[in-house]
Amino acid sequence: MSEDLLIGSLLALIGLLLLYGSVRSLITGIKIYRSDRISAREVPQADGVVEFQGTVEPEQDTGAFESPFSGREAVCYEAWMKVKSRHRTDVDGVEVGGVKGMDKPSNTEVSWGLAESDEARRPFAVQDGGSRVMVDPTGAEIDITDHMGESVLTVGTGDSLSEDAHERLQTITEDKAGFESDAETWDREDETVKYQEARLEPGDTVHVIGAEVESVPDEWGHSIDATVTEAVSDDQFRISEGTESGIVRNQLIQFITGSIVATGLLLLSYPPLTRAGMI
C-alpha cells in the first residue's frame, strides 16, 4: 500500500466519522427542539414518550454515591484514566522513535493515552415545582460532559491512589451501579496517570427525553409522583445535564464545528488519494 493511499484513506475515514457524528448531533438537536416538553407534574398523566426537566435529587433509600477520584457526590458518573508517555520528535514535530543516526536536533513530546474508562449510574429523582419524578437511567444515553470531563487528580510515578480513593472505588464497584472495573485496575504505581471525571450531581439541572411512565404510586401523598424508564418505542432515551435550550444550542455548535473539521479533512484527503489513483 502506497504512502499516499494510506494517508489519504486515514484522513477520509476520520473526516467521514466526524461528519457522521456531526449529523447525529444535528438530528438530536432538532428532535429535542421539536419535542413538546411537559412539567414534572404532568408526567403521571402522560401517555407515551415524555420529555421534562428539573433539578436532580438523590433517591431517598440509596442516595448518591461518592465519585472515586474527586469524592464528590453523583447519581450518574463517568471516569477516564490516562497514562503519560513521551515521544521523541524531530524539529518538525514528526515522530522518529526507533530511527538511528538522526542529523536533526530532536526533542520530546508529552502525550496522554487512554488506559481505562468506566461509568456508574443510579436511579434519581427530578424535582420541578413541587413534583418529583423518579428516573431509572438504565439504557439511557448519558450526556453530562463535553470531551472526557474534567481532570480531578494526577498521580506521579512511584505513587499510588489514597486509601480513601481505594475505598470509594471498592464501594462503587460493589454497589451494582454499573461500575465494573476492579479497584486495582485504576492504580498504576509504575506510571504517571491522570484521572478525569464527569458527574451528574444533586442540584444539577437535568433534561430527560425518550422516557415513558413505568409506574404511578397508588396511595396519595407519596414522595414520588411517577417513575419513568426507557421507552419501549424506538425513541432515543437521553439524559442530559442542562436545560432544553442549552442542550439544543450545544448540539448545533457540535454540528457546525464537526462539519467544518470534517470538510477540511476530506479536502486534505483529496490530493493523496488522487496521486494514489483512487480518485
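I will try to describe carefully the structure that is included in this document. Since this is a predicted model, take the numbers as computed values, not measurements. Counting restarts for each chain, with residues numbered from 1 along the sequence as it is written. Local features in this predicted model are restricted to residues whose pLDDT is 70 or higher, and side-chain atom pairs enter the listing and the counts only when it is 80 or higher, whereas totals over whole chains, interfaces and linings include all residues. Excluded from the side-chain calculation are hydrogens and water; included are all heavy atoms of the structure.

### What about the packing of aromatic side chains?
Move 1: Paired rings are identified among Phe, Tyr and Trp, the last through its six-membered ring, by centres lying within 6.5 Å, and are further divided according to the angle between planes into stacked (under 30 degrees), edge-to-face (over 60) and tilted (the rest). This structure, assessed with the given rule, holds five aromatic pairs.
Move 2: In textbook terms, an aromatic cluster arises when at least three aromatic residues are bridged by ring pairs, as seen for Phe 65, Phe 69, Tyr 77, Phe 179, Trp 186 and Tyr 195.
Move 3: Residue placement shows Lys 194 over the ring face of Trp 112; its charged tip is 4.5 Å from the ring centre. Any Lys NZ or Arg CZ that is within 6 Å of a ring centre and within 35 degrees of that ring's normal is treated as a charge sitting over the ring.

### Quick look at a nonpolar patch on the surface
Move 1: To count toward a patch, a residue needs a relative accessible area above 30% and no salt bridge. Like charges then connect within 9 Å, nonpolar side chains (Val, Leu, Ile, Met, Phe, Trp, Tyr) within 5 Å. Each accessible area is a Shrake-Rupley result for a 1.4 Å probe, and residues are judged covered by the shown protein chains and nothing else. Each reported salt bridge corresponds to a side-chain nitrogen of Lys or Arg within 4 Å of a carboxyl oxygen of Asp or Glu. Together, Leu 10, Ile 14, Leu 18 and Val 261 make up a nonpolar patch on the protein surface, roughly 320 Å² of accessible area in all.
Move 2: With three residues, helix H1 (residues 3–34) is the largest single contributor of residues to the nonpolar patch.
Move 3: Going along the chain from the N terminus, every DSSP run of H or I of four or more residues is numbered as a helix, and every run of E of two or more is numbered as a strand. Considering the arrangement of structural elements, one finds Ile 14 in helix H1.
Move 4: Ile 14 gets classed as partly exposed once you look at its relative accessible area, which sits at 38%. The buried label applies to any residue whose accessible area, calculated with a 1.4 Å probe on protein chains only, is under 20% of its type's maximum; exposed applies above 50%, and partly exposed to all values in between.

### Description of the pairing of strand E13 (residues 238–241)
Move 1: Here, strands pair whenever DSSP counts at least two bridges between them. Looking at chain direction, strand E8 (residues 141–143) and E13 are connected through three bridges and run parallel. Following the sheet pairing, Asp 143 is matched in E13 by Ser 240.
Move 2: Across four bridges, strand E11 (residues 205–215) lies against E13 in antiparallel orientation. Bridge pairing in E13 places Val 206 opposite Glu 241.

### Description of the pairing of strand E7 (residues 131–135)
Move 1: Among the five residues in E7, five count as buried, and that is most of the element.
Move 2: Of the two faces of E7, the one carrying Ser 131, Val 133 and Val 135 and the one carrying Arg 132 and Met 134 are both buried.
Move 3: Relative to E7, strand E6 (residues 124–128) runs antiparallel, the two sharing five bridges. The residue of E7 that forms the bridge with Val 126 is Val 133.
Move 4: Following E6, the chain reverses through two residues before pairing antiparallel with E7; Gly 129 in that reversal takes a positive phi of roughly 60 degrees.

### A closer look at the pattern of salt bridges
Move 1: Here the structure, examined in full by the defined rule, presents twelve salt bridges.
Move 2: A salt bridge links Arg 24 to Glu 141; the shortest N-O distance between them is 3.9 Å. Here Arg 24 is found in helix H1, whereas its partner Glu 141 is found in strand E8, with 117 residues between them in sequence.
Move 3: Here Arg 188 and Glu 191 are joined by a salt bridge, their closest N and O atoms 3.5 Å apart.

### With respect to the nonpolar core
Move 1: Side-chain atoms within 4.5 Å link the members of a nonpolar core, which is a set of buried Ala, Val, Leu, Ile, Met, Phe, Trp, Tyr and Cys residues. Grouped together as the largest cluster of nonpolar side chains are 24 residues, with contacts concentrated most on Phe 52, Phe 124, Val 135, Leu 200, Val 228 and Ile 239.
Move 2: Of all elements in the fold, only strand E1 (49–58), strand E4 (76–90), E6, E7, strand E10 (193–200), E11 and strand E12 (226–230) reach the threshold of two or more residues within this core.
Move 3: By definition, residues are in contact when any of their heavy atoms lie within 4.5 Å. Setting aside residues up to four positions removed in sequence, Leu 200 forms contacts with Val 56, Ala 74, Val 75, Cys 76, Phe 124, Ile 144, Val 206, Ile 239 and Glu 241.
Move 4: Core analysis: the next-biggest nonpolar cluster, separate from the first, contains 19 residues, Tyr 77, Val 155, Leu 161 and Ile 172 among them.

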